[in-house]
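Okay, here's what each chain looks like letter by letter:
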Amino acid sequence: MSVAAARPRTRWTLRRRLVAVVLVLLASVAAVMGVVSTLALRSSLIGQIDQRLESASQRAEQAPERFRDGMPTDAPTAGDSSGTEPTPPTTGTDVPPALGLPGQDVGTVNVYQLNGQTLSGYLDDDGVSQQLTDEQLDVLLGLTPSGAMVTVELPELGSYRVVSTTNDDGDLSITALPLSGATSTVDKFLAVEIAVAAIGLLVGAWLATVLVRRELRPLDRVAATATRVAQMPLARGEVEIAERVPEQDTDPGTEVGQVGSALNQMLGHVESALTARHESETQVRRFVADASHELRTPLASIRGYAELVQRLPEDLPEDALRAMGRVESEARRMTTLVEDMLLLARLDAGRDLDLQEVDLAGLAVDAVADAHVAGPDHDWRLDLGEEDDEPPAPVIGDEHRLRQVLLNLLSNARVHTPAGTRVVVSVREEGSEVVLRVRDDGPGIPEPLLSRLFLRFARGDESRNRAAGSTGLGLAIVRAVVTAHGGTIVADGTPGATTFTVRLPRADPVA
Ligand SMILES: Nc1ncnc2c1ncn2[C@@H]1O[C@H](COP(=O)(O)OP(=O)(O)OP(=O)(O)O)[C@@H](O)[C@H]1O
Ligand SMILES: [Mg+2]
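Residues numbered from 1 in each chain as written. Chains lettered and ligands numbered in written order. Predicted model: local features only at pLDDT ≥ 70, side-chain atom pairs only at ≥ 80, totals over all residues. Heavy atoms only, no water.

**A few points about the sheet that holds strand E8 (residues 379-383)**
Then step 1. Read across the open sheet, the 5 strands follow the order E8-E10-E11-E13-E12; overall the sheet is mixed. Here the strands that pair on one side only, and so sit at the sheet edges, are E8 and strand E12 (488-492). Averaged over all pairs of adjacent strands, the angle between their axes in this sheet comes to 15 degrees, without regard to strand direction.
Then step 2. Here strand E10 (residues 422-430) pairs with strand E11 (residues 433-440) via 8 bridges, running antiparallel. When the bridges of E11 are listed, valine 425 appears paired with valine 438.
Then step 3. With respect to the sheet, helix H8 (residues 399-415) is in contact with E8, E10, E11 and strand E13 (498-505), its orientation differing from that of E11 by roughly 20 degrees. (Pairing = 2+ DSSP bridges. Helix = DSSP H or I, 4+ residues; strand = E, 2+ residues; numbered from the N terminus. Axes fitted to C-alpha atoms, helices over the stretch in contact; angles between N-to-C directions. Contact = heavy atoms within 4.5 Å.)

Given below as structure tokens:
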């Protein structure tokens with residue numbers, strides 16, 4: 001049982017199930033009608049046979065009287081043209097007299113026991129009286145002479161309705177009529193009924209398929225609308241959901257129409273909610289951008305005055321000079337922070353990039369050269385492939401921003417690793433992408449930080465980093481720039497092989 005539950009069951013479609021239900025209903029109705037009408041026909045046919053049997057039995061009971069009296073029968077002779085009319089006994093003297101009477105049906109069986117003598121016979125298809133075999137006689141004589149009509153199976157002759165009676169003298173009279181006529185009628189009726197039911201089921205299946213398909217077509221259209229909406233990019237930017245279920249499929253009088261109109265209502269609701277959210281996001285972004293922008297000027301003044309004061313060493317005591325130095329360095333740090341926040345706000349707002357063909361390998365050469373100066377204690381390496389390799393293709397991008405990506409990644413490799421760490425910067429063309437890798441053999445990135453590495457203000461050792469002037473915006477900016485270029489960035493924080501891999505689409509040679 002658990003095995004069956006574990007295996008996903010292939011479910012039938014609603015269409016198929018509806019057609020199957022209709023077919024099962026049709027088949028059940030046809031079967032019930034068939035059984036009932038066949039039973040009714042059979043019992044009415046047997047009723048008719050029983051009536052004929054009763055009169056045949058009465059005739060037979062009177063026949064011995066005539067036999068005893070030696071009266072001649074007024075039956076037609078053997079050569080009579082009617083064929084179905086019985087003829088007088090033609091074989092043997094122990095043929096029952098009733099078989100010679102007029103009006104006896106073909107197949108009628110008669111047995112008499114009178115004065116200790118047994119007479120038996122039946123009329124064959126030609127109306128000629130034939131002897132019963134001993135086995136047939138045994139079956140008939142084995143019946144209780146109650147006068148009730150019963151069905152028996154006579155060897156070689158088939159099913160028979162039989163009545164067995166005795167008269168006051170104790171003479172036994174048995175009369176039987178064949179059921180073969182009734183059976184074959186019932187069989188034919190049944191065959192016709194099965195054929196009609198089969199044709200009815202085929203037509204029913206076809207009709208049900210056509211109707212169900214037609215009735216469910218609106219549901220397809222509703223599903224298609226939902227699928228199209230599901231494929232729309234709703235996660236970012238201004239969202240406008242123009243898709244709606246067509247008017248004709250939103251009639252609240254039908255179930256499908258209810259689904260369609262509910263979907264339309266939901267789409268309208270989702271659209272207005274997304275628009276409201278987008279507006280509030282835009283406001284926050286604009287506020288951050290404006291605030292950052294406004295902060296730049298006063299920060300520049302603070303820096304300038306701090307520098308100015310420091311140039312007047314003789315006018316100020318030692319402590320005040322040191323304090324002014326701190327004011328200047330903090331103002332510098334705050335300026336970087338404000339610049340970063342402004343940049344992120346602009347990238348979020350989807351500000352257009354200044355796109356042109358950029359040689360990423362060239363940028364890497366410059367960045368490594370700068371890194372040599374900024375971090376002389378690190379071992380900086382550049383890897384642009386073998387000498388005779390084709391240089392990597394350019395990318396389409398904003399050169400200034402891409403420079404910043406390299407700067408942030410290399411400054412991380414410098415700031416967050418100990419002196420002597422080897423840093424390898426490589427640029428390669430891989431398929432339709434240009435891949436930039438910055439790899440260092442430093443201490444790596446711990447797992448808890450790795451999962452939120454690219455989030456804003458995500459930093460490793462908080463206290464140490466804050467003291468070192470790091471804010472945790474560097475990688476957030478890197479990802480925002482790379483994403484804006486239609487690229488991806490992944491980090492592998494393995495100690496001894498920390499790698500940042502940036503993939504950017506290659507500039508299309510034709511374009
Ligand atoms: N190459 C690296 N090796 C080890 N840790 C790293 C490396 N690069 C980044 N990290 C970790 O990831 C954190 C986030 O880096 P990110 O550049 O976003 O911020 P930051 O360097 O701390 O600050 P900012 O770049 O804004 O000055 C860092 O604080 C550091 O702990
Ligand atoms: Mg950084």
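**A few points about the site of ligand 1**
Then step 1. Taken together, 19 residues form the shell around ligand 1, and within it Asn412, His416, Thr471, Gly472 and Leu475 come nearest.
Then step 2. Backbone polar atom of leucine 475 to an oxygen atom of ligand 1: 2.9 Å apart, as the coordinates give it.
Then step 3. Notes on ligand 1: free accessible area 590 Å², of which the protein chains cover 90%.
Then step 4. One can see that ligand 1 is located within the largest pocket.
Then step 5. The class makeup of the residues in the shell around ligand 1 is 8 nonpolar, 9 polar and 2 charged. (Near = heavy atom within 4 Å. Polar contact = N/O pair within 3.5 Å; in protein donor to acceptor, adjacent residues only side chain to side chain. Areas by Shrake-Rupley, 256 points an atom, 1.4 Å probe, with all protein chains shown as cover. 1 Å grid on protein atoms, 1.4 Å probe; cavity = no way out; pocket = protein on both sides within 12 Å on 5 of 7 lines; lining within 4 Å. Sits in = over half its atoms within 2 Å of the grid points. Nonpolar A, V, L, I, M, F, W, Y, C, P; charged D, E, K, R; others polar.)

**Comments concerning the side chain of glutamate 271**
Then step 1. Along the chain, glutamate 271 falls in helix H5 (residues 255-310).
Then step 2. The residues touching glutamate 271, leaving out its near neighbours within four places in the chain, are Val239, Glu240, Ile241 and Arg244.

**With respect to a negative patch on the surface**
Then step 1. A contiguous patch of negative charge on the surface is contributed by Glu386, Glu387, Asp388, Asp389 and Glu390.
Then step 2. Tracing the backbone shows glutamate 386 in the loop between E8 and strand E9 (395-397).
Then step 3. Residue class for glutamate 386 comes out exposed when judged on its relative accessible area of 57%. (Patch = residues over 30% accessible without salt bridge, like charges linked within 9 Å, V, L, I, M, F, W, Y side chains within 5 Å. Salt bridge = Lys/Arg side-chain N within 4 Å of Asp/Glu carboxyl O. Lys, Arg positive; Asp, Glu negative; His and termini not counted. Charge placed at Lys NZ, Arg CZ, Asp CG, Glu CD. Buried < 20%, exposed > 50% of the residue type's maximum accessible area, 1.4 Å probe, protein only.)

**Describing the domain arrangement of the protein chain**
Then step 1. Looking at the protein chain, the domain boundaries give domain 1 (14-86 + 93-186), domain 2 (232-351) and domain 3 (356-505).
Then step 2. One C-alpha centre belongs to domain 2, the other to domain 3, and the line joining them spans 25 Å.
Then step 3. Taken residue by residue, the interface counts 8 residues in domain 2 and 13 residues in domain 3.
Then step 4. Together domain 2 and domain 3 conceal approximately 970 Å² of surface at their shared face, both sides included; 71% is due to carbon and sulfur atoms.
Then step 5. Contact with domain 3 buries area across many residues of domain 2, yet Arg333, Leu343 and Leu344 alone supply 51% of it, more than any other trio.
Then step 6. On inspection of domain 2 and its partner domain 3, the count reaches 1 salt bridge.
Then step 7. Tallied by class, the residues present in the side of domain 2 that touches domain 3 amount to 5 nonpolar, no polar and 3 charged. (Domains from an automatic or database assignment. Buried area = accessible area lost by both parts, 1.4 Å probe.)

**Some details on the layout of surface pockets**
Then step 1. Reported here for the largest pocket is a volume of approximately 1,200 Å³.
Then step 2. Elements with a minimum of two residues in the lining of the largest pocket: helix H6 (318-348), H8, helix H10 (462-467), helix H11 (474-484) and E13.
Then step 3. The element contributing the most residues to the lining of the largest pocket is H6, with 10 residues.
Then step 4. Taken together, the residues of the lining of the largest pocket sort by class into 16 nonpolar, 18 polar and 12 charged. (Points joined across faces, edges and corners; volume = space filled by probe spheres on them.)

**Observations regarding the packing of aromatic side chains**
Then step 1. Tallying each qualifying case throughout the model produces 0 aromatic pairs.
Then step 2. Here the basic side chain of arginine 16 rests over the ring of tryptophan 12, its NZ or CZ set 5.5 Å away from the ring centre. (Phe/Tyr/Trp six-rings, centres within 6.5 Å; stacked < 30°, edge-to-face > 60°. Lys NZ or Arg CZ within 6 Å of the ring centre and 35° of its normal.)

**Re the nonpolar core**
Then step 1. Within the largest apolar cluster, 43 residues are counted, with the highest numbers of intra-cluster contacts made by Leu360, Leu402, Leu409, Leu410, Val425, Leu436 and Phe500.
Then step 2. The residue makeup of this core includes at least three contributed by each of domain 2 (232-351) and domain 3 (356-505).
Then step 3. When residues no more than four places from it in sequence are discounted, the contact partners of leucine 360 are Leu402, Val427, Val434, Leu436 and Leu504.
Then step 4. Core analysis: the second largest hydrophobic core is formed by 13 residues, Val109, Leu137, Tyr160 and Ala176 among them. (Core = buried A, V, L, I, M, F, W, Y, C linked by side-chain atoms within 4.5 Å.)

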